[in-house]
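Below, each chain spelled out in residue letters.
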Amino acid sequence: NSLGRANTLRAMGDLQSRLGQVDAAHDLYTQAIALLEKEQDDLGRANALLALGDLQNRWGQINAACDLYTQAIALFEKEQNDLGRANTLKAMGDLQSRLGQIDAAHDLYTQALALFEKEQDNLGLAYAWTELACGWQTSPESTQQARNAAKAAVRYARKTNSPPVLQQVQQKLQAAGLTTD
């Protein structure tokens, strides 16, 4: 069936993306999106758009990534999928942070945090607080906010009960000069 094929194409796109095969991943995601649109599976399409946006973001295609993220958010809103919307807002925040647009990133992370909180997603909360802390750390007047955000990041990372998540959060915070003691 078409939905099964679309899901397989997206999974294959994920694999190709992890392997650094950008063109192959792009083609697979594009095929999946077309099938999902044909089947009117907006939630599946939103997830595929997010994945393609992440690929474009990693490879420096900023405008394309922003456009894909915007499309994904609209579909997640239509489907009332707050977790998908939160993940996409965080991805957009990551992109803005990478571009040095700290205020825009802060706004996006704040929106994502509210949705992660609503969904009780400790993993999303840990990562979003981590990024917010690192962004604030770049601003001398926001040092205390950065420390508070770092503490929240570690608190939520611990709630995931995943040592690799806690380790990743702590390493990122330490690399940004934030201690979590």
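Further up the page is the structure itself.
None of these values were measured; they are calculated from a predicted model. (Residues numbered from 1 in each chain as written. Predicted model: local features only at pLDDT ≥ 70, side-chain atom pairs only at ≥ 80, totals over all residues. Heavy atoms only, no water.)

Enquirer: So what about the nonpolar core? Which residues, and what values?
Expert: Counting 55 residues, the largest nonpolar core has Tyr69, Val169 and Leu173 as the members making the most contacts within it. Ranked by residues supplied to this core, first place goes to helix α4 (residues 62–78) with eight residues. (Core = buried A, V, L, I, M, F, W, Y, C linked by side-chain atoms within 4.5 Å. Buried < 20%, exposed > 50% of the residue type's maximum accessible area, 1.4 Å probe, protein only. Helix = DSSP H or I, 4+ residues; strand = E, 2+ residues; numbered from the N terminus.)

Enquirer: Lay out the layout of surface pockets with the relevant residues and their values.
Expert: The computed volume of the largest pocket comes to approximately 330 Å³. For the largest pocket, the lining is made up of 13 residues, of which Asp54, Asn87, Lys90, Ala91 and Asp94 are closest to its centre. Residue assignment for the lining of the largest pocket shows that the elements contributing at least two residues are α3 (42–58), α5 (82–98) and α7 (122–137). Among the elements that line the lining of the largest pocket, the one with the most residues is α5, at five residues. Residue composition of the lining of the largest pocket, grouped by class: five nonpolar, three polar and five charged. (1 Å grid on protein atoms, 1.4 Å probe; cavity = no way out; pocket = protein on both sides within 12 Å on 5 of 7 lines; lining within 4 Å. Points joined across faces, edges and corners; volume = space filled by probe spheres on them. Nonpolar A, V, L, I, M, F, W, Y, C, P; charged D, E, K, R; others polar.)

Enquirer: Before we move on, could you go through the packing of helix α1 (residues 2–18) against α3 and cite the residues and values that matter?
Expert: Two packed helices can be described by the angle between their axes and the distance between those axes. Relative to each other, α1 and α3 sit at 15°, their axes nearing to 11 Å. With respect to α3, the axis of α1 lies roughly parallel. Every pair of crossing elements has a handedness; the one defined by α1 and α3 is left-handed. Together, Arg10, Asp14 and Ser17 of α1 and Asn47, Ala48, Ala51, Leu55 and Arg58 of α3 make up the contact between the two elements. (Axes fitted to C-alpha atoms, helices over the stretch in contact; angles between N-to-C directions. Parallel < 35°, antiparallel > 145°, perpendicular 65-115°, else oblique. Left-handed = near helix turned anticlockwise from the far one by under 90°. Contact = heavy atoms within 4.5 Å.)

Enquirer: Could you give me a rundown of unusual backbone geometry, with the residues and numbers involved?
Expert: The backbone of glutamine 120 shows a phi angle near 55°, a positive value even though the residue is not glycine. One can find glutamine 120 in the loop between α6 (102–119) and α7. Accessibility expressed as a relative area gives 66% for glutamine 120, which makes it exposed. Backbone geometry at asparagine 161 places phi at a positive 60°, although glycine is not the residue there. Within the secondary structure, asparagine 161 sits in the loop between α8 (143–159) and α9 (163–175).

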